[in-house]
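# Tertiary structure, described
What follows is the residue order along each chain.
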Amino acid sequence: MIPMRLKAEIPPIVEPAVVRLRDSAAPPNEWADNQAYLIGREGSLRDYDFQGFSLRIDAPDNERLDGDVVLLLPQQNIAHRLIRAGSNHNTFLVTERCDQLCAMCSQPPKRHHVDLFPLFEQAAKLAPRGATVGLSGGEPTLYKQQLFRFLRVVHEERPDLRFHILSNGQHFNNADLETMRSLPHDQILWGIPLYAPDAVVHDEIVGKAGAFDALMAGFTLLLKAGAAIELRTVVMTTNAQDLPELAHFIATNLPYCSTWAIMQLEPIGYGRKNWDRLFFDSSVSFTPISRAINIAAARGIDASLYNFPLCTVPSAYRSFAPSTISDWKRKYLSFCDECSLRRICGGFFEWYDSNKGFMRAGAI
Ligand code: SF4
């Protein structure tokens, strides 16, 4: 697993610092204040010059850190990797608060919130050119004014960046419309979950009465604002049989959505706690998924399968299943070594337990 927190000896800072690590003493540029330059290396230890102070980071030999953006917190001997320059999977955890309690939540909510938007703003401005930055939670739009500001301010300085925002889509109102219209929608994709074509099942899954109706109102506002939307549906035992009907619902009511992602369950957080009850083994029962994809395709909806190992998907549907598991939490099993699909397969979540997972994984 790729380490996201690195042991460090940090300078005597009194405020959090966002720092870009450089392997060479490149000429200073407009972000020079935030640069730390590599001045020595011994074993796993790398020494940087950060504004005349010493910053020492302990990282595995094969970990490339050049261009990474790390967060240093006072009196914490850890460098938090906010952006890995060589990765397409960089996400800022905006908040751990949420107003839902989804049965499969991979990041169970907490009450406490620390506003890191100003630090995320600095980090985004230091991202590699053309990067996509994910914003996730909790529910980011609980802090929608800070979020809107972040998007505007970062876009002003870095119009090359794209953003992918995971949100439950329920916290917009008419008063937000003008601000929402001013956002750089060409650069933003909103990833919004919809679990069923009716309120009863959807609300039960997200643990919040009224969520479905609030979400439909949110879709209307996002549409009026010109937002691009990626619908996301985690398939579980509780909604798998509804997928074909959900495909019809989306084609009829939400045809403007850019894509519909049908997703496998992530075995972490509540997803792990409720795994035995919720995991839908699509390797032995793919029919509701294939029917949903067929309906979506016939009605002009661009459907995809996220987090599905390719060997668990019938060959006719593998082209719908891109590699989507983030690199830092992806693994392959021993039988993957000889697999001809490995180069294009997203594998398994790091925390996947093959003893209670897909019955037919590994057979192509
Ligand atoms: S055997 Fe491994 S690499 Fe091959 S399709 Fe399955 S999960 Fe992917």
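Residues numbered from 1 in each chain as written. Predicted model: local features only at pLDDT ≥ 70, side-chain atom pairs only at ≥ 80, totals over all residues. Heavy atoms only, no water.

By the naming in an unreviewed UniProt entry, the protein chain is His-Xaa-Ser system radical SAM maturase HxsC, taken from Chelatococcus asaccharovorans.

## Some points on the overall build of the protein chain
When helices and strands are counted, the protein chain shows nine helices and 16 strands. For a compact globule of 364 residues, the expected C-alpha radius of gyration is about 21 Å, and the protein chain comes in at 22 Å, within 12% of that figure. Taken along its principal axes, the extent of the C-alpha atoms in the protein chain is 60 × 55 × 35 Å. Long-range contacts, defined as pairs at least 24 residues apart, comprise 68% of the intrachain contacts of the protein chain with a sequence gap of at least 6. Of the charged side chains in the protein chain, 37 are positive and 40 negative, and the gap between their average positions amounts to 2 Å. (Helix = DSSP H or I, 4+ residues; strand = E, 2+ residues; numbered from the N terminus. Rg over C-alpha atoms; globule rule 2.2 N^0.38 Å. Contact = heavy atoms within 4.5 Å. Lys, Arg positive; Asp, Glu negative; His and termini not counted. Charge placed at Lys NZ, Arg CZ, Asp CG, Glu CD.)

## Some thoughts on the nonpolar core
As a rule of thumb, nonpolar side chains are buried together in soluble globular proteins. Formed by 73 residues in total, the largest nonpolar core has its most connected members in Phe92, Phe150, Trp190, Leu194 and Trp260. Viewed by domain, this core spans two of them, domain 1 (5–83) and domain 2 (90–356), each represented by three or more residues. When near neighbours in sequence (up to four residues on either side) are disregarded, Leu194 contacts His202, Phe212, Leu215, Met216, Leu231, Arg232, Thr233, Leu246, Phe249, Ile250 and Leu254. (Core = buried A, V, L, I, M, F, W, Y, C linked by side-chain atoms within 4.5 Å. Buried < 20%, exposed > 50% of the residue type's maximum accessible area, 1.4 Å probe, protein only. Domains from an automatic or database assignment.)

## So, the domain arrangement of the protein chain
Splitting the protein chain by domain gives domain 1 (5–83) and domain 2 (90–356). For domain 1 and domain 2, the distance between their C-alpha centroids amounts to 32 Å. Between domain 1 and domain 2, the residue contacts involve nine residues of the former and 14 residues of the latter. Buried area between domain 1 and domain 2, both sides added, is near 1,100 Å², and the carbon and sulfur share of it is 73%. Where domain 1 touches domain 2, the interface holds zero salt bridges. (Buried area = accessible area lost by both parts, 1.4 Å probe. Salt bridge = Lys/Arg side-chain N within 4 Å of Asp/Glu carboxyl O.)

## Comments concerning the pattern of salt bridges
Throughout the structure, instances matching the rule amount to 18 salt bridges. For Arg22, the salt bridge goes to Asp66, with nearest N and O atoms at 3.7 Å. Here Asp66 lies in the loop between strand E5 (53–58) and strand E6 (69–72) and Arg22 lies in strand E2 (residues 17–22), a separation of 44 residues in the sequence. Linking Arg81 and Glu63 is a salt bridge whose minimum nitrogen-to-oxygen distance equals 2.9 Å.

## Remarks on the site of the ligand
In the vicinity of the ligand, the residues found are Pro309, Leu310, Cys311, Phe335, Cys336, Cys339, Arg342, Cys345 and Phe348. Of the residues that constitute the shell around the ligand, the class distribution is eight nonpolar, no polar and one charged. (Near = heavy atom within 4 Å. Nonpolar A, V, L, I, M, F, W, Y, C, P; charged D, E, K, R; others polar.)

## Observations regarding empty space enclosed by the protein
Scanning all chains against the criterion turns up one cavity of 30 Å³ or more. Its volume calculated, the largest cavity comes out at about 70 Å³. In terms of lining, the largest cavity is formed by Gln264, Leu265, Pro267, Trp275, Phe279, Asn307, Pro309, Gly347, Phe348, Phe349, Tyr352 and Phe358. Among the residues forming the lining of the largest cavity, the class breakdown is nine nonpolar, three polar and no charged. (1 Å grid on protein atoms, 1.4 Å probe; cavity = no way out; pocket = protein on both sides within 12 Å on 5 of 7 lines; lining within 4 Å. Points joined across faces, edges and corners; volume = space filled by probe spheres on them.)

## Structural notes on the sheet that holds strand E14 (residues 303–306)
The strand order across the open sheet built from seven strands is E8-E9-E10-E11-E12-E13-E14, with neighbouring strands paired in parallel fashion. Across the chains shown, the open sheet's two edge strands, defined by having one partner strand only, are strand E8 (90–93) and E14. Taking each pair of neighbouring strands and ignoring which way they run, the sheet shows an average axis angle of 25 degrees. As judged from the five bridges shared by strand E11 (residues 188–193) and strand E12 (residues 228–234), these two strands associate in the parallel manner. Note on E12: the bridge partner recorded for Leu189 is Ala228. (Pairing = 2+ DSSP bridges. Axes fitted to C-alpha atoms, helices over the stretch in contact; angles between N-to-C directions.)

## Focus on the packing of aromatic side chains
Tallied over the entire structure, the rule returns 15 aromatic pairs. Judged by centre distance (6.5 Å) and plane angle (85 degrees), the rings of Phe92 and Phe150 are edge-to-face. Of the two residues, Phe92 sits in strand E8 while Phe150 sits in helix H2 (residues 144–157), which places them 58 residues apart along the sequence. Across the pair, exposure class does not vary: Phe92 and Phe150 are buried alike. Judged by centre distance (6.3 Å) and plane angle (75 degrees), the rings of Phe335 and Phe348 are edge-to-face. A residue pair is termed long-range when its members are at least 10 positions apart, and Phe335 in the loop between strand E15 (330–331) and strand E16 (348–349) and Phe348 in strand E16 qualify at 13 residues. With relative accessibility at 35%, the residue Phe335 sits in the partly exposed group. (Phe/Tyr/Trp six-rings, centres within 6.5 Å; stacked < 30°, edge-to-face > 60°.)

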